[in-house]
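Okay, here's what each chain looks like letter by letter:
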Amino acid sequence: MTVIERLLRLFDNPLIVKDGVSRMRSWRAPLVLTLYLSVLGLFGYSVFVALIVLSPSDRSGSAQIGGQVFESMAFMQLSLVALFAPALAAGAISSERERQTFDVLLVSRLSAVSIVWGKLVASVAFMLLLILAALPLFAAVFLFGGIDFEQFAITQLLTVTTAVSIAAVSLFLSAAFGRTLSSTVAAYGAAFAGMVGTLIAGGLMSVGLLGRAAGQGAAATTDVHPLEFANPFYALWIVLNSPNGAPMHLGRLVQMMAFLPGSPSSLGPLIEPWVTAILVEALLVAVSVVAAVQLVQHRRAYVPARPVEPIPYVEPAEAGSQS
Amino acid sequence: MIEVEGLHKRFGSQVALEEVDFVVPAGEIFGFIGPNGAGKTTTIRILATLAMPDAGTATIGGIPVAEDPHAVRELIGYMPDFFGVYDRLTSIEYLEFYAACHGVPHRRRRAVGYELLELVDLSGRAEDQVDTLSRGMKQRLCLARALVHDPQVLLLDEPASGLDPRARIEMRELIRELRRMGKTILVSSHILPELEELCTWVGFIDAGRMVAAGPMSDVRNQVLTGRRLRVEVVDPDEVKLLAARDQIEGRPGVITVELVEDGLEVAVEEAFQDQDLLMELVRAGVAVRSFAPVTGDLSEAFMRLTSQAPHPPASRERVETLP
């Protein structure tokens, strides 16, 4: 089996097809897509007009305007993703329970991993559709200049990984809570804590670190607390505003996270905020998926003592024997 | 085909099942009868690999449910007591989805779906969305869903609940047809007349304990000592009824004769030729208005058995396992 065939098999999951078909037939799908693109487009256009109207003399070039419009739209897109992802994923498993279709899935040949994977991909697929559909808007702004391709690519990558991580955490909460309402509230709480809470808490701690360094007579440090450093908004801001980045040593990040005293550590490699954000998000995805699988497995009552091996399908002895 | 021995299940301090034993031979329809909360659904969920017993064993096709649930899932088709639908899927898509979940190869899924729709008499509704079907149709579709992988054993939890009389009859005929196809069927219900006409084996459960189980005629004879016939006479009075009783009492095969409001109720042995009794009465000049077997034997058997059954200790509360 080739690598491509293996990859394609990953997506040959009945839940992906079923949820995808079901979602795209709903009136909500085109509505959400329209709303998403309208908000993003109108916001970008408003920023563009504001820049022209408010600073008519400052027309140093389209590059500057393009850069600012792109940045505004990138932040708006990240916010919209954080807003839509919980709604799309938080009901994935709890709604199956509410519909009382979950037991029937558990009695099928689908493994717990397949169920969680299928639900995650089905939830993320629509988010990816939104992000893909918005690419022409970003491409139009990209033509103004002011943003290089690397910044453009990292922006989109960061948006996608943020969408996947919020969806994965929401999926875990969906497996943990019996009701979609509860899981949705919890998912929004988690998304807010991850996107805004870490920014505020990390910012306050960074200020605290600065004050402590000053109090101890040490040299002022511009180090950012890891909570803020790994925040997707902060990472995006650095990508779009600091051409040279703002890397920190891994050792320093660990030192600050654990409140270890001493001079700033220079151990470990230098890491950019966007890389840290993506790594943290990948870790969140892994932990959430494993936890969700455990919850689904627990629901099944029997934890298999051996790995689930595919059982070959046996053709009926006679054609049409079902009838 | 199904063997249950010494099954125990507790939910916290509440005893749901206690020493449940029964056997269902291959090719039989086993009526699992008991009031709401008696433990029917808990037993079926254990057999369906959705719950773990605290003690005891359950095997299907010789495979212990607790030891090899994957193999058991290949053998069973499970229909829960509530039919959950997926919005915006057609009937054929619904069956194709579950066929995929059970590992039916892609090329066979549609054909299997259409064969099953024909079996449950829904061929004309193949392209209709599931949520637009009537309740009876949904129940039949749910039964078709349980058959997508051609299982040998069907576990049907209250398949006729909430159906109108016509839909009940259709469901009953469908279950009979499945028996003719060689399936072993365990069907639970608390509506006794519907099972009386359908089942070949029967098991009574009350307060988590089996009070009787076995072939229908054995259980009935065990409790009611024979079949019963009801004879209604024209203008009944005591003299006529006593004369009629004297005529038939003591005949070979007649067990007891009781006077009832408008006639007689006669308990006879299983092999008794009913028409001989009718001829005897007519020859003796008894004006017979009607002559028919008493229906509702199963109800009476159940009432007698459950009234004799020891009540659970006060500390052990019966539980409603599922809504």
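This one's a predicted model, so the numbers in the text were calculated from it and none came from an experiment.

1. Focus: the confidence of the model for chain A
Residue and element names in this part refer to chain A. Looking at chain A as a whole, the pLDDT averages 84, with 87% of positions reaching at least 70. Mean pLDDT values over the elements of chain A span from 80, in helix α1 (residues 3-10), up to 94, in helix α9 (residues 149-176). Per-residue pLDDT stays below 50 along residues 302-311; that stretch engages in eleven contacts with residues further than four places along the chain or on separate chains. This model gives residues 317-323 a pLDDT under 50, and the stretch forms twelve contacts once residues within four places in sequence are excluded.

2. Remarks on the domain arrangement of chain B
Examined at the domain level, chain B breaks down into domain 1 (2-215) and domain 2 (222-295). The C-alpha-based centres of domain 1 of chain B and domain 2 of chain B are spaced at 40 Å.

3. Comments concerning unusual backbone geometry
Residue and element names in this part refer to chain B. In this structure, E19 is a non-glycine residue whose phi angle is positive, near 55°. One can find E19 in strand β2 (residues 14-24). With phi around 50°, A207 is a residue other than glycine that occupies positive phi space. Within the secondary structure, A207 is located in the loop between β9 (201-206) and β10 (209-215).

4. As for the pairing of strand β7 (residues 153-157) of chain B
In regular strands, side chains alternate between the two faces of the sheet. Residue and element names in this part refer to chain B. Counting buried positions along β7 gives five out of five residues, so the element sits mostly inside the fold. Neither face of β7 is open: one carries V153, L155 and D157, the other L154 and L156, and all of them are buried. Looking at chain direction, β7 and strand β8 (residues 184-189) are connected through five bridges and run parallel. Pairing of V153 across the sheet is with T184, part of β8. With respect to chirality, the unit in which β7 leads through helix α6 (residues 165-180) into the neighbouring parallel β8 is right-handed.

5. As for the sheet that holds β2(B)
Through backbone hydrogen bonds, the strands of a sheet pair up, either in parallel or in antiparallel fashion. All names here are of chain B. As summarised here, the arrangement of the four strands in space is β2-β1-β4-β5, forming an open sheet in which the pairing is antiparallel. Unpaired on one side and paired on the other, β2 and β5 (63-64) mark the two borders of the sheet. Set on the sheet, helix α1 (residues 40-47) makes contact with β1 (2-11), β2 and β4 (55-60); between it and β1 the angle comes to about 115°.

6. Structural notes on the interface of chain A and chain B
Taken together, the contact pairs 28 residues of chain A with 34 residues of chain B. Taken together, the elements giving at least two residues each to the side of chain A that touches chain B come down to α2 (14-24) and α6 (102-106) of chain A. Residues of the side of chain A that touches chain B, tallied by class, amount to 14 nonpolar, eight polar and six charged.

7. A word on the nonpolar core
Core analysis: the biggest nonpolar cluster contains 155 residues, and A:A85, A:M127, A:A167, A:L171 and B:L155 have the highest contact counts within it. When neighbours within four sequence positions are excluded, A:A167 is seen to be in contact with A:A85, A:L88, A:A89, A:L120, A:S123, A:V124 and A:M127. Judged by nonpolar contacts, the second largest core, of 13 residues, contains B:V233, B:L277, B:L281 and B:V286.

8. Here we look at the environment of A:Y234
All names here are of chain A. For Y234, the position within the fold is in helix α12 (residues 232-241). Sequence separation between Y234 and D223 is eleven residues, and the spatial gap between their C-alpha atoms is 13 Å. If we ignore the near neighbours within four places in the chain, the residues touching Y234 are L199, E228, F229 and P273.

9. Here we look at α1(B)
Residue and element names in this part refer to chain B. The buried count for α1 comes to eight of eight residues, which makes it a mostly enclosed element. Within α1, burial applies to K40, T41, T42, T43, I44, R45, I46 and L47. One or two steps after α1, the chain reaches T49, where phi turns positive at roughly 65°.

So, how was this worked out
- Residues numbered from 1 in each chain as written.
- Chains lettered and ligands numbered in written order.
- Predicted model: local features only at pLDDT ≥ 70, side-chain atom pairs only at ≥ 80, totals over all residues.
- pLDDT = per-residue confidence, 0-100.
- Helix = DSSP H or I, 4+ residues; strand = E, 2+ residues; numbered from the N terminus.
- Contact = placed C-beta atoms within 7 Å.
- Domains from an automatic or database assignment.
- Buried ≥ 20, exposed ≤ 12 C-beta atoms within 10 Å, placed from the backbone.
- Pairing = 2+ DSSP bridges.
- Right-handed = clockwise from strand over helix to strand, strands pointing away.
- Axes fitted to C-alpha atoms, helices over the stretch in contact; angles between N-to-C directions.
- Nonpolar A, V, L, I, M, F, W, Y, C, P; charged D, E, K, R; others polar.
- Core = buried A, V, L, I, M, F, W, Y, C linked by C-beta atoms within 7 Å.

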